[in-house]
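This is what each chain is made of:
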Amino acid sequence: MKIGLYFGTFNPIHVGHMIIANHLLEYSDLDEIWMVVTPHNPHKKKSSLLDNHHRLELVYLATEEYDAIKPTDIEFKMPQPNYTVHTLAHISEKYPQHDFCLIMGEDNLKSFHKWKNYDAILDDYHIYVYPRISKGKIETRFDNHQKIHKVDAPIVEISSTLIRNGIKAKKNVRPMLNEKVWKYVDEMNFYRK
């Protein structure tokens, strides 16, 4: 089975994340998408990042009606700070029957050459890139790379930051969230302060 790993803090997960995940399932050769919830980095200021278990619960709520989109907390059990290259190695070792690929936005591809062991990632994994509006240029070496696949997905300019700021400012952000995600966020009074 070919599985795309979609990493994120998902703070909170929103319809934009789901549009991209679903689009990749429908318009690429991926069989499943695993939403990898990135844990809080203990060396970074917490700011408005919800606890790991709350963000994982939000991803469960957002994905429960999609058979081929699944949440995973695999990074929660790994030493922090963690790097994508380590997660990829760990998940490939744990599930050798699957073929894993990395999903990233075009903005991340622009800085991919700065990632820890990015060349090792490219040696062993395919990368599916969805478009994002962002500054900067993609390095020439990644332009026509055989392991980098640009997916003609919709450009979704919804961000978790926009949602958190909207909630704090008492705006109606409900249309940007799955109904169950909105209910959980609202009932728990998240992002209000």
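So, here's what we can say about the structure. Model, not experiment: these values are computed from the prediction. (Residues numbered from 1 in each chain as written. Predicted model: local features only at pLDDT ≥ 70, side-chain atom pairs only at ≥ 80, totals over all residues. Heavy atoms only, no water.)

All right, on to the environment of Arg 164 then. Inspection of the secondary structure assignment puts Arg 164 in helix α6 (residues 160–168). C-alpha separation for the pair Arg 164 and Phe 190, spaced 26 residues apart in sequence, amounts to 8.5 Å. (Helix = DSSP H or I, 4+ residues; strand = E, 2+ residues; numbered from the N terminus.)

If you walk through the whole model with that rule in mind, you get eight salt bridges. Arg 132 is the partner of Asp 107 in a salt bridge, and the nearest nitrogen-oxygen pair spans 3.7 Å. Note that Asp 107 is positioned in helix α4 (residues 106–110) and Arg 132 in the loop between β5 (126–130) and β6 (148–150), a separation of 25 residues in sequence. Judged by its relative accessible area of 26%, Asp 107 is partly exposed. (Salt bridge = Lys/Arg side-chain N within 4 Å of Asp/Glu carboxyl O. Buried < 20%, exposed > 50% of the residue type's maximum accessible area, 1.4 Å probe, protein only.)

The next subject is the side chain of Thr 84. Tracing the backbone shows Thr 84 in helix α3 (residues 84–94). Judged by relative accessible area, which is 19%, Thr 84 ranks as buried. Among residues more than four places away in sequence, those in contact with Thr 84 are Phe 7, Leu 102, Trp 115 and Ile 121. (Contact = heavy atoms within 4.5 Å.)

This brings us to the packing of aromatic side chains. Taken as a whole and judged by the stated rule, the model has 11 aromatic pairs. Here the aromatic rings of Tyr 6 and Phe 10 are separated by 5.7 Å at their centres, their planes lie at 70 degrees, and the arrangement is edge-to-face. Across the pair, exposure class does not vary: Tyr 6 and Phe 10 are buried alike. Between Trp 34 and Tyr 95, the aromatic rings sit 5.2 Å apart at their centres with planes inclined by 85 degrees, giving edge-to-face as the arrangement. Taken as a pair, Trp 34 in strand β2 (residues 32–37) and Tyr 95 in the loop between α3 and β4 (99–105) lie far apart in primary sequence, 61 residues in all. The exposure class of Trp 34 is buried, given its relative accessible area of 9%. (Phe/Tyr/Trp six-rings, centres within 6.5 Å; stacked < 30°, edge-to-face > 60°.)

Note on soluble globular proteins: their nonpolar side chains tend to be buried together. With 37 residues, the main nonpolar core has Tyr 6, Ile 13, Leu 24, Ile 33, Met 35, Ile 103 and Val 181 as its most contacted residues. Residue assignment for this core shows that the elements contributing at least two residues are α1 (15–27), β2, α2 (52–63), β4, β5, α6 and α7 (179–187). Not counting chain neighbours up to four residues away, the residues in contact with Tyr 6 comprise His 17, Ile 20, Ala 21, Ile 33, Trp 34, Met 35, Val 36, Ile 103 and Tyr 130. Core analysis: the second largest hydrophobic core is formed by 23 residues, Ile 91, Met 104, Tyr 118 and Ile 138 among them. (Core = buried A, V, L, I, M, F, W, Y, C linked by side-chain atoms within 4.5 Å.)

Moving on, we come to α3. Residues of α3 that are buried include every one of Thr 84, Val 85, Thr 87, Leu 88 and Ile 91, and no others. For α3, the angular spread of the buried residues around the axis is 160 degrees, confining them to a single face. On its buried face, α3 is in contact with β1 (2–8), β2, β4 and α5 (118–124). (Arc of directions from axis to C-beta.)

It is worth spelling out the packing of α2 against α7 at this point. In the contact formed by α2 and α7, the axes pass within 8 Å of each other and the chain directions differ by 150 degrees. Classed by the angle they form, the pair α2 and α7 counts as roughly antiparallel. Every pair of crossing elements has a handedness; the one defined by α2 and α7 is right-handed. On α7, the residues touching His 54, Glu 57, Leu 58, Leu 61 and Ala 62 of α2 are Lys 180, Val 181, Tyr 184 and Val 185. (Axes fitted to C-alpha atoms, helices over the stretch in contact; angles between N-to-C directions. Parallel < 35°, antiparallel > 145°, perpendicular 65-115°, else oblique. Left-handed = near helix turned anticlockwise from the far one by under 90°.)

Looking now at the environment of Asp 107. Taking the C-alpha atoms as reference, Asp 107 lies 7.7 Å from Lys 135; in sequence the two are 28 residues apart. Discounting residues that sit within four places of it in the chain, Asp 107 has contacts with Arg 132 and Ser 134.

These figures come from the coordinates and say nothing about function on their own.
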